Amino acid sequence: TAYCIYESLVKAAGMTRGEIMDTGISDQISYLDSVMQREGIDKCISAFADVYRKKGTGAIALLNDRRLTFSCFYILLPRIRELGISGILNSRNTVALRIVNQIISGKKALAGADYLSAKRNRVYSVLKWILETGAPMDGYDDDYKNIMDVTASVLIFTYKDRSVIPQAVNMIFSRKKAGHNIHDLVWALFRSEDPQVLRLIAERLKSPDKEEVELACELLNIEDKGIDSMNAGEREARYAAYIKWLEENDPFLYFTEEGYQFESKPVFCAVDMERKYLNKNMANRKKQPLFPADENESSCIQAFKALSDNDRELLARYSRRMHEKNEREWENWIRSPVDEQLRRAKREGELLQ
């Protein structure tokens, strides 16, 4: 309860109950965070130093408050190091400090411990704390952005934690709006190989903010023509069209592993048209070789590859929709010559819309 928190701070920090109440602290926010939010970073640092000067153990209690955010912890790190008190931090803060040191230095922590590769429950909970409570201050400085990038990447790739994806998407759009680099964070996000990423980005197609729409189009590899003159209804229609496309192609979608580090206009995901044409779902979200089941599939694939990009897309779409509508009819159709398949697709394609 709030009363218990007040009492614990009174005892640990050497502050009177009136002083605690005067700060406006509640059971939802730490004392140091409250100071930082109301009076700024510099005041937070000086308030911490003041408590340490008066009651050293009280300052440690404030740092070890379970409600402390990573943002507040980070801005106090220089003073923590200066005072030489890192050795008496609680477990969460100790692990967080070692994670920060490893990310910034690029070296393993004490005794060769690696906090970014090996999966450990305690490290996982601290990484979650860093991202969830640190994201609102993303962009504070270059080291801070690097910490957010690496933390998101480790949670997504090493711990397979998909729950952080919405937060990562929000950070990308906020960071872009602030003019900060998004390359590493985008790469970390698409490493998840999760179509949820595409759906969350697509939500921004409905935004009245032109910059958000442009970035969404860029990440989804769709044209951004006409966004200046689009009204809310037209933006909603573009979003609906993309979601319809995604639902149709989801079974054949793979992630390319391209990124801004290597390409000026990377294509983050693509549709395996051969698999869509033969209605063979992806085993996972990586591009895989397709092995024909029989001679007919082999000849179909060879003829399909020889078609133009537009014809391949048309034929694959027609094949997919026919398969969904009437699988038996599709089985007969797929055994006809590819040129006949294409003529029928061009003649009847709109009927299967």
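Refer to the preceding data block for the structure.
Residues numbered from 1 in each chain as written. Predicted model: local features only at pLDDT ≥ 70, side-chain atom pairs only at ≥ 80, totals over all residues. Heavy atoms only, no water.

A tally of regular secondary structure across the chain gives 19 helices and two strands. For the chain, buried positions account for 48% of its 353 residues. Contacts in the chain between residues far apart in sequence, at least 24 positions, make up 61% of those at least 6 positions apart. Total accessible area computed for the chain in this model is approximately 18,000 Å², and 48% of it derives from carbon and sulfur atoms. (Helix = DSSP H or I, 4+ residues; strand = E, 2+ residues; numbered from the N terminus. Buried < 20%, exposed > 50% of the residue type's maximum accessible area, 1.4 Å probe, protein only. Contact = heavy atoms within 4.5 Å. Areas by Shrake-Rupley, 256 points an atom, 1.4 Å probe, with all protein chains shown as cover.)

Take the nonpolar core next. Ranked by size, the top nonpolar core spans 82 residues in total, and within it L32, F70, F73, I99, I201 and L219 carry the most contacts. The biggest single contributor to this core is helix α6 (residues 70–83), with eight residues. Leave out the neighbours within four places in its chain, and F73 touches L68, I80, L89, N93, A96, L97 and W129. Residues L290, W330, V338 and L342 belong to the second largest nonpolar core, which totals 17 residues. (Core = buried A, V, L, I, M, F, W, Y, C linked by side-chain atoms within 4.5 Å.)

Moving on, we get to the packing of helix α7 (residues 91–105) against helix α9 (residues 142–158). Where α7 contacts α9, the two axes come as close as 10 Å, and the packing angle between them is 105°. Compared by their axis directions, α7 and α9 come out roughly perpendicular. Taken together, the residues of α9 that come into contact with α7 (itself represented by V100, I103 and I104) are D143, N146, I147, V150 and T151. Of the residues contributing to the contact of α7 with α9, the split by class is five nonpolar, two polar and one charged. (Axes fitted to C-alpha atoms, helices over the stretch in contact; angles between N-to-C directions. Parallel < 35°, antiparallel > 145°, perpendicular 65-115°, else oblique. Nonpolar A, V, L, I, M, F, W, Y, C, P; charged D, E, K, R; others polar.)

This part covers helix α3 (residues 31–39). All buried positions along α3 are accounted for by Y31, L32, D33, S34, V35 and M36. Looking at the buried residues of α3, the elements they touch are α4 (41–54), α5 (56–63) and α6. A positive backbone phi angle near 105° is found at G40, which sits one or two residues after α3.

Any space left empty among the atoms is revealed by the rolling of a water-sized probe across them. Roughly 260 Å³ of internal volume is contained in the largest pocket. Lining the largest pocket, in full, are L220, N221, I222, R238, A241, Y242, W245, L253, V267, C269, A270 and V271. Those elements that place two or more of their residues in the lining of the largest pocket are α14 (232–249) and β2 (269–271). Across the lining of the largest pocket, the residue classes tally to ten nonpolar, one polar and one charged. (1 Å grid on protein atoms, 1.4 Å probe; cavity = no way out; pocket = protein on both sides within 12 Å on 5 of 7 lines; lining within 4 Å. Points joined across faces, edges and corners; volume = space filled by probe spheres on them.)

Time to look at unusual backbone geometry. We note that E193 has phi near 50°; this positive angle belongs to a residue other than glycine. Considering the arrangement of structural elements, one finds E193 in the loop between α11 (183–190) and α12 (196–202). With phi around 70°, E257 is a residue other than glycine that occupies positive phi space. Structurally, the position occupied by E257 is in the loop between β1 (253–255) and β2.

Let us now look at the side chain of S153. Position of S153 relative to the elements: it lies in helix α9. For S153, a relative accessible area of 12% translates into the label buried. Side-chain polar atoms of S153 contact the side chain of R191, separated by 3.2 Å. Those residues in contact with S153 that lie beyond four places of it in its chain are T158, W187, A188 and R191. (Polar contact = N/O pair within 3.5 Å; in protein donor to acceptor, adjacent residues only side chain to side chain.)

The full count for this structure, using the stated rule, is one cavity of 30 Å³ or more. For the largest cavity, the full set of lining residues is F173, K176, K177, E211, E212 and L215. Secondary-structure elements contributing two or more residues to the lining of the largest cavity are α10 (165–177) and α13 (210–220). Taken together, the residues of the lining of the largest cavity sort by class into two nonpolar, no polar and four charged.

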